[in-house]
Amino acid sequence: MSEEKVEGELVYQAQSPDEGALVTAARNFGFVFHSRTSEIIMVIEMGETKVYQLLAILDFSNVRKRMSVIVRTPENRVMLFCKGADTILCQLLHPSCRALRDVTMEHLDDFATEGLRTLMVAYRELDNSFFSAWNKKHSEACLSLENRENKISSVYEEIEKDLMLLGATAIEDKLQDRVPETIITLNKAKIKIWVLTGDKQETAVNIAYACNIFDDGMDGLFFVEGKDNETIQQELRSAIDEMKPQPLPESDPINSCFTRKPKLPFRIPEEVPNGNYGLIINGYSLAYALEGNLELELIRTACMCKGVICCRMTPLQKAQVVELVKRYKKAVTLAIGDGANDVSMIKAAHIGVGISSQEGTQAMLNSDFAFSQFQYLQRLLLVHGRWSYNRMCKFLSYFFYKNFAFTLVHFWYSFYNGFSAQTVYDTWFITFYNLVYTSLPVLGLSLFDQIALETTYWTAISHYITWGSLGFYFCILNFLYSDGLCLMFPNVLQFLGVARNTLSLPLLWLSVALSVVLCILPAVGYQFLKPQFCPFIVDKVIDRIHRMKHSLPLPSQTKLKHSSTRRSAYAFSHKQGFGPLITSGKFMKSKLPKKRHFSFQK
């Protein structure tokens, strides 16, 4: 859609950034897409205005990986224009385009090596009688009540053949800031990163090197490109043999699975390879690898590799790979994407993250977390994730402690009251125990993102909540056991003077002090002794940071070797198109003068 917000300046609203880039590039070369309605398209070609009649839109889908449009030109010619993935359009070209196809494929390989998003364009001139007969079939398929989608696809295939190649396009899509640095940090945290994309294989490999998923120091890359089960199985086993040269023992999980059906859930143990390797598999081979016993060898091979690239994938295959990892590995999966084709993957993972971009908001609406930059994933996992983990652990420990402390006092007091069910606490105290005394401190501490026990993260509000809760406790205690309140409600408050007499005993304060010290001592001792004898990676990093503060200044960061550009395949980066909605004209307002009419010869 074109919109003229400022006079003389066209603003395009496209279904995807790729389409917007293509139309904008055509405008820069003198072919301006000016306006459109549900029936006509106005184009200014090198200064000459031409109007095309829109006859049909053959919509895009992730299965077809292409879309077409049929128009009637001002010269009364019926033309079909098709755009889509090169792997699909090459099969639909006329045999006379073989020489041009070979040259174009070489250009596409060069574009993909540079990391560009590629697309092929073709056309076909239709006979009027043939189009009339086809249009009748198309109308019948659209009105069918049973198996409508399959009938429409069959009708599309009847006309999308014997195409004449026009050429190819390549679009540059720059990588977001600090993506390589983020991936390096996540790799240091022992987080394995798999790229599930619809790109060409060359483009996907370029992405891996640009993002530091692959590097030049790796021991090898395995390519799985088989066309049948036997070839794929041989490629996977040869990869396993190279990463683990020793023969498989009888207790190997793969052998046990082949000989007998294991009990579900079946988990594949962690295996350490003899180096750093990478795995690259295309969508065609992946369709076979996800079936039968091959999926066990696939997940075993992939988990031993440093990085995995799955290219030319459909949205369904992305979800299947995520489910495969969840089924055979004891791990938490996180899927991150920015387009509608990533929704199935995001919903299949344990944690779904959506990135807001020009691809739309479908990924964000179906995710658990959403942000605008990939680099924020590092802080989400390594900072907020750790804080959340610590808060949850302290939360569970705290509630176990408060319930046991409350119960064990009654159990110990029963030895003194002869097991008569006499409560040691006042009824008001029991009510306020869970309502105020033990709920407000944990509620106040849970509102902060920092670690609760590390006072270096405390703010003024933290001190107010912590020490204020103690003061609030004594205020409520003195109020409930005050003389005036007990005289006003003698039947309810029967412990007149108990709080005043109890708080005046030195033994009570000694017991409180000893209890606090004994409760805090294990936690404080653990905080001091753990980094000394069995430190985590986080402890080592913190200790290194503290040492570097007193040493020389940090050296400047070196530039990355690979260019920071990200690519993704055009034909896999869309959701279902809006062809029927466009041709209906329900959402459009005619931008042409009402008194202007266009006639088409038939």
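Analysis parameters
Residues numbered from 1 in each chain as written. Predicted model: local features only at pLDDT ≥ 70, side-chain atom pairs only at ≥ 80, totals over all residues. Heavy atoms only, no water. Helix = DSSP H or I, 4+ residues; strand = E, 2+ residues; numbered from the N terminus. Expected span 1.5 Å × (residues − 1). Buried < 20%, exposed > 50% of the residue type's maximum accessible area, 1.4 Å probe, protein only. Arc of directions from axis to C-beta. Core = buried A, V, L, I, M, F, W, Y, C linked by side-chain atoms within 4.5 Å. Contact = heavy atoms within 4.5 Å. Axes fitted to C-alpha atoms, helices over the stretch in contact; angles between N-to-C directions. Parallel < 35°, antiparallel > 145°, perpendicular 65-115°, else oblique. Nonpolar A, V, L, I, M, F, W, Y, C, P; charged D, E, K, R; others polar.

Draft legend 1. Molecular detail of helix H4 (residues 128-142). Over its 15 residues, H4 extends 21 Å from the first C-alpha to the last, a length consistent with the 21 Å expected when each residue adds 1.5 Å. Burial in H4 covers these residues: Phe131, Trp134, His138 and Ala141. On an axial view of H4, the arc spanned by its buried residues comes to 80 degrees, and they lie on one face. Structural note: H4 exposes Ser129, Lys136 and Glu140 on the side pointing more than 90 degrees away from its buried face.

Draft legend 2. Highlighting the environment of Thr203. With respect to the element layout, Thr203 can be found in helix H7 (residues 201-210). Here the alpha-carbon distance between Thr203 and Arg117, two residues 86 residues apart in the chain, equals 7.7 Å.

Draft legend 3. Examining the nonpolar core more closely. Residues Leu279 and Leu298 are the most contacted members of the largest nonpolar core, which totals 38 residues. Contributions of two or more residues to this core are made by strand S11 (220-224), helix H8 (229-243), strand S12 (277-282), helix H10 (283-289), helix H11 (294-304), strand S13 (307-311), helix H12 (315-328) and helix H13 (343-348). The contact partners of Leu298, leaving out residues within four places of it in the chain, are Leu236, Leu279, Ile281, Leu286, Ala289, Leu290 and Leu324.

Draft legend 4. Spatial organisation of the packing of H11 against H12. At their nearest, the axes of H11 and H12 sit 11 Å apart, and the two run at 85 degrees to each other. The orientation of H11 with respect to H12, classified from their angle, is roughly perpendicular. Across the interface between the two elements, Glu295, Leu296, Leu298 and Ile299 from H11 touch Leu324, Val325, Arg327 and Tyr328 from H12. Considering only residue class, the contact of H11 with H12 consists of six nonpolar, no polar and two charged.

Nothing here speaks to function; it is all geometry.
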